[in-house]
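Listed below, chain by chain, are the residues.
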Amino acid sequence: MKDLIAKINAEIETFKTEAESLTEKGVKAAGARARKSTLELEKLLKEFRKVSVAEAKK
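Residues numbered from 1 in each chain as written. Predicted model: local features only at pLDDT ≥ 70, side-chain atom pairs only at ≥ 80, totals over all residues. Heavy atoms only, no water.

As recorded by an unreviewed UniProt entry, the chain carries the name Histone H1 and is attributed to Flavobacterium turcicum. As its UniProt record puts it under Function (unreviewed entry), the chain is described as follows: "Might have a role analogous to that of eukaryotic histone proteins." What UniProt states about the chain under its Sequence similarities (unreviewed entry) heading is, verbatim, "Belongs to the histone H1/H5 family. HCT subfamily." (UniProt positions renumbered as here; feature names shortened; annotations may be inferred.)

Colleague: What is the right way to look at the packing of helix α1 (residues 2-25) against helix α2 (residues 28-56) in this model?
Modeller: Angle between the axes and distance between the axes: these two values describe a pair of packed helices. With their axes 8 Å apart at the nearest point, α1 and α2 run at an angle of 160 degrees to one another. Here α1 lies roughly antiparallel to α2, going by the angle between them. For α1 against α2, the interelement crossing comes out left-handed. For the contact of α1 with α2, the residue count by class is 14 nonpolar, five polar and seven charged. (Axes fitted to C-alpha atoms, helices over the stretch in contact; angles between N-to-C directions. Helix = DSSP H or I, 4+ residues; strand = E, 2+ residues; numbered from the N terminus. Parallel < 35°, antiparallel > 145°, perpendicular 65-115°, else oblique. Left-handed = near helix turned anticlockwise from the far one by under 90°. Nonpolar A, V, L, I, M, F, W, Y, C, P; charged D, E, K, R; others polar.)

Colleague: Just to check I follow, could you spell out α2 for this structure?
Modeller: Note that an α-helix has 3.6 residues per turn; residues three or four places apart therefore point the same way. With 29 residues, α2 ought to run about 42 Å at 1.5 Å a step, and its terminal C-alpha atoms sit 42 Å apart, in line with that. Against the buried residues of α2 lie α1. (Expected span 1.5 Å × (residues − 1). Contact = heavy atoms within 4.5 Å.)

Colleague: Hey, could you run me through the pattern of salt bridges in this one?
Modeller: Where side chains of opposite charge bring their charged atoms close, a pairing between them can arise. Taken as a whole and judged by the stated rule, the model has six salt bridges. For Glu 13, the salt bridge goes to Lys 16, with nearest N and O atoms at 3.5 Å. Of the two residues, Glu 13 and Lys 16 both sit in helix α1, three residues apart, roughly one turn of that helix. Residue classification places Lys 16 among the partly exposed residues on the basis of a relative accessible area of 47%. (Salt bridge = Lys/Arg side-chain N within 4 Å of Asp/Glu carboxyl O. Buried < 20%, exposed > 50% of the residue type's maximum accessible area, 1.4 Å probe, protein only.)

If you want it as structure tokens, here you go:
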């Protein structure tokens, strides 16, 4: 679980960096990277939900 949370936090930081590059500096490629990051976050958060529900049932 701790490893999963670390991955989520790292992906959030990636998203923040890329989103900032897009909005502040106008780097269009950063938009694509930020969108890719959101897809990865979606997967990680679904995995977190599955793991946390399993932990709650123990």
